[in-house]
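Architecture at a glance
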Amino acid sequence: MNFKSTIGLEVHFELKTKSKIFSPSPVTYGAEVNTATNVIDWGMPGVLPMVNKEVYRLGLMVALATNSQISPVTHFDRKNYYYPDNPKAYQITQFFQPLARNGYIEVEVNGKKKRIGIHEMHIEEDAGKNTHGTNGYSYVDLNRQGVALLEVVSEPDMETPEEAYAYLEKLRQIVQFTGASDVKMEEGSMRVDTNISIRPAGQKELGTKVEMKNLNSFQHVRQSLAYEEKRQAAVLLSGGQVQLSTRRFDESTGKTVLERVKEGDADYRYFPEPDIAPYHIKQSWIDEIKASLPESPFDRRKRYVNEYGIKEYDADVILQTKESSDFYDATVKAGADATLAANWLNTQVNGYLNEKQVDLDEVKLTPEHLAQIIKMIQDGTISSKIAKKVFQESIEHGTEPKKYVADKGMIQLSDLSVLAPLVAKIVDNNPQSVEDFKNGKDRAIGFLVGQIMKETHGKANPKVVNELINKELQSR
């Protein structure tokens, strides 16, 4: 029997605000436990939440970038549940009147394009974090409590794990390039919940869905969905029924494990938040935000390929992060050749970042410095070999390339009045190489170039030396 899958995704993005959604506590990552909190985060009696307007602005940017219809009036609601990392025993979210609805993004899988609908997106507060010790105790850190989240809920339009993977990649890129979130899954600023059900092919009625929460990589999303397809098919083929439930993905085994029977909406007892008034979003503000939206990754890709003339593959590598794309644009603006800038960014820069396991904003290389290196290669001031040494110095210490080259005597020797006599002398001293050249042995040129480089301590311009040697040999 063949089965058809129906997949929907709920993606939480931590919005890039300086303070939390309902309190003035700072938004930090890696701070000492329970230090980025105040009485509002702890849910103390008598405290009242105050909405951070920046949360709305960032949410509206994502809504506009995903073709979503913005609600003119929104309202916050209480979602009642008790977890140790949620001191109020309820979460303030948007249930009845979310920020936006009916959006979409387009993905491409195996050469076929598909539109994936966005059912809704709403803003809400995050909960804290539990840590379970080996001593039998559990610990609660509320630094994350009250951090602003944007939840993007897709329509159940995906039918394969590959489509889900492509949707996540596209959505992540869109959100990152708006600047609304840094989308770092390793820091929890992007988290994914999946819903999947299967049904016999040809059956219109959907199967029973199973949810998997807080998946921390796209690969785990794909693997868990693929496993669930097989597990649910085995249950149905054996005559059983799939249970409405929440499961977790065990990355060590590649399997999903039952956590709890899934609650329904009634279990959460949603009702309007009495301490926050409805918020009316003016069209003039929406228009202002729309006009301020940064250039999308798709428009940048067209510009890179059509105007700068770089390869599509190189453009896609550059566009993996907004930081990389911004760095590339600034390097070209500083005067670097667009193709060479792409090559250096995708090979030397990315190679260094991968080796050191750091981000671009953590190194000392600037776009202006990279542009200097590229221009010095082009005008013959330094060789490609020397350029790599200069690059290493600049990315590690922030040293200005031009000054470093001058101070260290690295300027390439291209003066014909100096090189021509030297080439003539080297050729005179190596008659065998002249004979080899006449007999069609190309290695003769390489040997003579090596002698020149040795004589000049590697400073001679290889291109100029090659031209002079060829000219000298042909005249013999």
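Our subject is the structure that appears above.
Being a predicted model, the structure only gives us computed values, none of them experimental. (Residues numbered from 1 in each chain as written. Predicted model: local features only at pLDDT ≥ 70, side-chain atom pairs only at ≥ 80, totals over all residues. Heavy atoms only, no water.)

1. Side note on the overall build of the protein chain
- Looking only at helices and strands, one finds 16 helices and 16 strands in the protein chain.
- Based on the C-alpha atoms only, the size of the protein chain along its principal axes is roughly 95 × 55 × 55 Å.
- Relative to its full complement of 476 residues, the protein chain shows a buried share of 46%.
- Excluding contacts between residues fewer than 6 apart, the proportion of contacts in the protein chain whose partners are at least 24 apart in sequence is 67%.
- Of the accessible surface of the protein chain, which amounts to about 24400 Å², a share of 50% is contributed by carbon and sulfur atoms. (Helix = DSSP H or I, 4+ residues; strand = E, 2+ residues; numbered from the N terminus. Buried < 20%, exposed > 50% of the residue type's maximum accessible area, 1.4 Å probe, protein only. Contact = heavy atoms within 4.5 Å. Areas by Shrake-Rupley, 256 points an atom, 1.4 Å probe, with all protein chains shown as cover.)

2. Here we look at the sheet that holds strand S4 (residues 77–80)
- What the three strands build is an open sheet, ordered S5-S4-S15; its pairing is antiparallel. One side of each edge strand has no neighbouring strand; the edge strands of this open sheet are strand S5 (90–93) and strand S15 (271–272).
- Two elements, S4 and S15, share two bridges in a ladder whose sense is antiparallel. Directly across from arginine 78, in S15, lies its bridge partner phenylalanine 271. (Pairing = 2+ DSSP bridges.)

3. Considering the pattern of salt bridges
- Scanning the entire structure with this criterion turns up 26 salt bridges.
- For aspartate 329, the salt bridge goes to arginine 300, with nearest N and O atoms at 3.7 Å. A residue pair is termed long-range when its members are at least 10 positions apart, and aspartate 329 in helix H8 (residues 322–333) and arginine 300 in helix H6 (residues 297–306) qualify at 29 residues. In terms of burial, aspartate 329 and arginine 300 fall into one category: buried.
- By sharing partners, the salt bridges in this structure join Glu295, Arg300, Arg303, Lys322, Asp326 and Asp329 into a single network. (Salt bridge = Lys/Arg side-chain N within 4 Å of Asp/Glu carboxyl O.)

4. Focus: the pairing of strand S13 (residues 245–250)
- Burial analysis of S13 places five of its six residues in the buried class, which makes it a mostly covered element.
- Pairing of strand S12 (residues 210–215) with S13 involves three bridges; the strand directions are parallel. From the neighbouring strand, methionine 212 faces S13, where its bridge partner is arginine 247.
- In the classification by handedness, the crossover that spans S12, the intervening helix H3 (residues 218–237) and the parallel S13 is left-handed. (Right-handed = clockwise from strand over helix to strand, strands pointing away.)

5. Regarding helix H16 (residues 462–474)
- Under the 1.5 Å per step criterion, the end-to-end length of H16 is 18 Å for 13 residues, consistent within 8% with the ideal 18 Å.
- Buried within H16 are the following residues: Val464, Val465, Leu468, Ile469 and Leu473. Here the buried residues of H16 occupy an arc of 155° about the axis, which is enough to place them on one side. Across H16 from its buried face, at more than 90 degrees, point the exposed residues Lys463, Lys471 and Gln474.
- The elements touched by buried residues of H16 are helix H13 (416–428), helix H14 (431–438) and helix H15 (443–455).
- Of the residues that open H16, the one with a side-chain oxygen 3.0 Å from the backbone nitrogen of lysine 463 is asparagine 461. (Expected span 1.5 Å × (residues − 1). Arc of directions from axis to C-beta. Polar contact = N/O pair within 3.5 Å; in protein donor to acceptor, adjacent residues only side chain to side chain.)

6. Some remarks on unusual backbone geometry
- For asparagine 67, which is not glycine, the phi dihedral falls at a positive 60°.
- Inspection of the secondary structure puts asparagine 67 in the loop between helix H1 (53–65) and strand S2 (69–70).
- Looking at asparagine 67, the relative accessible area reads 38%, which means it is partly exposed.
- The backbone phi angle of arginine 269 is positive, close to 50°, even though this residue is not glycine.
- Tracing the backbone through its elements, the reader meets arginine 269 in the loop between helix H4 (265–268) and S15.

7. Here we look at the sheet that holds strand S14 (residues 255–261)
- Strand order in this open sheet of nine strands is S2-S6-S7-S10-S1-S11-S12-S13-S14, and the pairing throughout is mixed. A strand with exactly one partner marks an edge of an open sheet, and here the two such strands are S2 and S14.
- By the bridge criterion, five bridges tie strand S1 (residues 3–14) to strand S10 (residues 148–154) in an arrangement that is antiparallel. Opposite valine 11, over in S10, you have valine 152 as the bridge partner.
- Sheet strands touched by H1: S2, strand S6 (100–109), strand S7 (112–125) and S10. Its angle to S7, the strand with the most contacts, is close to 170°. (Axes fitted to C-alpha atoms, helices over the stretch in contact; angles between N-to-C directions.)

8. Some details on H14
- For H14, the complete set of buried residues consists of Ser433, Val434 and Asp436. Along the axis of H14, the buried positions cluster into a sector of 160°, meaning they face one direction only. Exposed positions of H14 whose direction lies more than 90 degrees from the buried face are Pro431, Gln432 and Lys438.
- Looking at the buried side of H14, the elements it contacts are H13, H15 and H16.
- Trailing H14 by a residue or two, glycine 440 shows a phi angle of about 80°, which is positive.

9. Things to note about the packing of H15 against H16
- Viewed as axis vectors pointing N to C, H15 and H16 meet at an angle of 125°, and their least axial separation amounts to 10 Å. One element, H15, and the other, H16, form an angle in the oblique class. Judged by the twist between their axes, the crossing of H15 over H16 is right-handed. Between H15 and H16, the contacting residues are Ile445, Leu448, Val449, Ile452 and Met453 on the first element and Pro462, Val465, Asn466, Ile469, Asn470 and Leu473 on the second. (Parallel < 35°, antiparallel > 145°, perpendicular 65-115°, else oblique. Left-handed = near helix turned anticlockwise from the far one by under 90°.)

None of this, on its own, says anything about what the molecule does.
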